[in-house]
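Chain residues, written in single-letter form:
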Amino acid sequence: VLSMPILLKLFAIALISIALLSLFFKRLTITGLPAKICLFLGGIMQGCFGTGGPFVILGYRDEFSGKSELRATMAAVFMVSNIIRLAQLGIQGELSVEVAVHYWWIAFAIPLAISLGYLVHLKLNEERFRDGLSVLILIAGLVYLLE
């Protein structure tokens, strides 16, 4: 019902809210129904924008034993979600050779980003890792809001 620009602004506000909540209320534990709502919103955002990770992390962050488990789980969620998205685009007839040619560079950028992220990840303690993740989510939200 809403146009894409309005949806993108709502998404940006949600990202900014999550980032600020994570930065200023670090000890806040989200469980029960609120956690399930975050997971549900993560699914909605994954379907709308191809990225529901911040909401999934907010809903599940206290379930992980550490940053390595979080990283591995989110990598698996990202991979499965994108495989489903590729299948969906193929079924809808929106997946084409032209699209693949246009985005050829992603095949190199993703492994590079994963490798660099892993190296940074090894050097940070849990608190700095969470803060860094929150700052990146905040920056993304601001970019989307100002777009």
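Here we take up the nonpolar core. Within soluble globular proteins, side chains that are nonpolar generally end up buried alongside one another. Formed by 17 residues in total, the largest nonpolar core has its most connected members in F11, M45, F49, F55, L58 and L138. Among the elements that line this core, the one with the most residues is helix α1 (residues 4-24), at 8 residues. In contact with F11, other than residues within four places in its own chain, are M45, F49, T51, F55 and Y144.

Counted at 1.5 Å a residue, the expected span for helix α4 (residues 67-92) with its 26 residues is 38 Å, and the 37 Å between its end C-alpha atoms agrees. When we look at burial in α4, the residues that qualify are K67, L70, M74 and S81. Residues of α4 that are buried in the fold lie against α2 (32-49), α3 (53-60), α6 (106-123) and α7 (126-146). G93 sits one or two positions beyond α4 and adopts a positive phi of about 80 degrees.

Moving on, we come to the layout of surface pockets. When its volume is computed, the largest pocket comes out at roughly 2000 Å³. As for the largest pocket, its lining consists of 44 residues, and the residues nearest its centre are T51, F78, N82, I110 and I114. Mapped onto the lining of the largest pocket, the elements with two or more residues apiece are α1, α2, α3, α4, α5 (97-102), α6 and α7. The element best represented in the lining of the largest pocket is α4, accounting for 13 residues. Reported here for the second largest pocket is a volume of approximately 360 Å³. As for the second largest pocket, its lining consists of 22 residues, of which R61, E126, R130, D131 and S134 are closest to the centre. The biggest single contributor to the lining of the second largest pocket is α7, with 8 residues. Residues that form the lining of the second largest pocket fall into these classes: 10 nonpolar, 4 polar and 8 charged.

So, on to the packing of aromatic side chains. Each aromatic ring pair is described using two quantities: the centre-to-centre distance and the angle formed by the ring planes. Summed over all chains, the structure comprises 2 aromatic pairs. Relative to Y144, the ring of F11 has its centre 5.7 Å away and its plane inclined at 50 degrees; by these criteria the two rings are tilted. Highlighted residues: F11 in helix α1 and Y144 in helix α7, separated in sequence by 133 residues. Ring centres of W104 and F108 lie 6.2 Å apart, and the angle between their planes is 70 degrees; this geometry places the pair in the edge-to-face category.

We now examine the environment of V120. By the element assignment, V120 lies in helix α6. When the C-alpha atoms of V120 and M4 are compared, they prove to be 34 Å apart, with 116 residues separating the residues in sequence.

Turning our eyes to something else, we now look at the packing of α1 against α2. As a packed pair, α1 and α2 sit with axes 12 Å apart at the nearest point and diverge in direction by 140 degrees. By the angle between their directions, the pair α1 and α2 is classed as oblique. In terms of crossing hand, the pair formed by α1 and α2 is left-handed. Within the contact between the two elements, α1 uses M4, L7, L8 and F11 and α2 uses M45, C48 and F49. By residue class, the composition of the contact of α1 with α2 is 7 nonpolar, no polar and no charged.

Parameters at a glance
- Residues numbered from 1 in each chain as written.
- Predicted model: local features only at pLDDT ≥ 70, side-chain atom pairs only at ≥ 80, totals over all residues.
- Heavy atoms only, no water.
- Core = buried A, V, L, I, M, F, W, Y, C linked by side-chain atoms within 4.5 Å.
- Buried < 20%, exposed > 50% of the residue type's maximum accessible area, 1.4 Å probe, protein only.
- Helix = DSSP H or I, 4+ residues; strand = E, 2+ residues; numbered from the N terminus.
- Contact = heavy atoms within 4.5 Å.
- Expected span 1.5 Å × (residues − 1).
- 1 Å grid on protein atoms, 1.4 Å probe; cavity = no way out; pocket = protein on both sides within 12 Å on 5 of 7 lines; lining within 4 Å.
- Points joined across faces, edges and corners; volume = space filled by probe spheres on them.
- Nonpolar A, V, L, I, M, F, W, Y, C, P; charged D, E, K, R; others polar.
- Phe/Tyr/Trp six-rings, centres within 6.5 Å; stacked < 30°, edge-to-face > 60°.
- Axes fitted to C-alpha atoms, helices over the stretch in contact; angles between N-to-C directions.
- Parallel < 35°, antiparallel > 145°, perpendicular 65-115°, else oblique.
- Left-handed = near helix turned anticlockwise from the far one by under 90°.

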